[in-house]
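# Structural description and commentary
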Amino acid sequence: MSGAGRPRELPMVVRDPTLPDHVTIYEVGARDGLQNESTVVPVEVKAEFLQRLARTGLRVLEATSFVHPRWVPQLADAADLLRRMVRVDGIDYPVLVPNERGLDRALAAGVRHIAIFASATETFAKRNLNRTLDEQFDMFAPVVGRALARGLRVRGYVSMCFGDPWEGAVAPCQVAAVGRRLVEMGCHQLSLGDTIGTGTPGHVSAVLDACVAGGVPVRQLAVHFHDTYGQALANTLAALRHGVTTVDASAGGLGGCPYAESATGNLATEDLVWMLDGLGIRHGVDLDALVATSTWMAHHLGRPSPSRVVRALGGP
């Protein structure tokens, strides 16, 4: 039904009582979605992107990252973006910080919620953080400690939870051990990342079971899926069946990891919303407004949105 707008009374709602009543969508389009773009997006476009996303009903918008510009040139304007953007009451605007220097910049910008980015594997820790798997925690400890002392919320991303391009399969118990250390350090939430998109539903169940068995309550777990092999929605449903109620997604399916060449786009927020609508799970997002926002950004990027729902509802 491309070009026809949203079909009336679809998707039909079929409620599954075993699934959560409500899901929080943790929108990462403005950070994870844009960070891998080769063409630098102007800061005023990023600010408007966040403003448009805020109007869709999304309540968590990851705004940017205070990484070194050499690592991710796309996000070199982080401080400028936070000065320009219009914050909306009731919306959380977390930012990613890689180290204490990034935390200093975030605090100076008045940020109230940060995220750190850990690895579940030795090789990715060395390539991405220049630390061993154990040494990464020494880098994170002062960041988390100082942030908590200032009253900030701290999220911990764990990458390569479902496969590593250099090491292959990753044992669920290894993911659980990394996650437990981050929670013990003080992280309020863990986002388990399928960085290269190789996970499948049974694998998701195994990782979640290992994390819970390892002492991380399911209420503190979120999931972050990439759609490299078309598994992101199936994996999300598996996570929902385990009681996960926070799902990361990127408007229009933007994004990928600049440090993992095989990683493609994130789970598209529109595709997630369509599935949640059909399951009767509340999320608070206006799908039509979100499609319009992703269509607008696709025009700025000069290419079609990879989101199936955006394309079906008339986007490019």
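Residues numbered from 1 in each chain as written. Predicted model: local features only at pLDDT ≥ 70, side-chain atom pairs only at ≥ 80, totals over all residues. Heavy atoms only, no water.

## So, the overall build of the protein
The helix and strand tally for the protein stands at 12 helices and nine strands. Its C-alpha atoms give the protein a radius of gyration of 18 Å, within 12% of the compact-globule value 20 Å for 316 residues. Each of the three principal axes of the protein carries a C-alpha extent, and together these read 55 × 40 × 35 Å. Here the analysis covers contacts within the protein between residues at least 6 apart in sequence; of these, 75% occur between residues at least 24 apart. Carbon and sulfur atoms make up 51% of the accessible area of the protein, which totals about 12,800 Å². If the 30 positive side-chain charges of the protein are averaged to one point and the 32 negative ones to another, these points end up 4 Å apart. (Helix = DSSP H or I, 4+ residues; strand = E, 2+ residues; numbered from the N terminus. Rg over C-alpha atoms; globule rule 2.2 N^0.38 Å. Contact = heavy atoms within 4.5 Å. Areas by Shrake-Rupley, 256 points an atom, 1.4 Å probe, with all protein chains shown as cover. Lys, Arg positive; Asp, Glu negative; His and termini not counted. Charge placed at Lys NZ, Arg CZ, Asp CG, Glu CD.)

## Notes on the environment of Gly 284
Counting through the fold element by element, Gly 284 comes out in the loop between α10 (269-279) and α11 (287-301). Its relative accessible area of 59% is what places Gly 284 among the exposed residues. Sequence separation between Gly 284 and Thr 246 is 38 residues, and the spatial gap between their C-alpha atoms is 13 Å. Setting aside chain neighbours within four positions, we find Gly 284 in contact with Thr 56 and Gly 57. (Buried < 20%, exposed > 50% of the residue type's maximum accessible area, 1.4 Å probe, protein only.)

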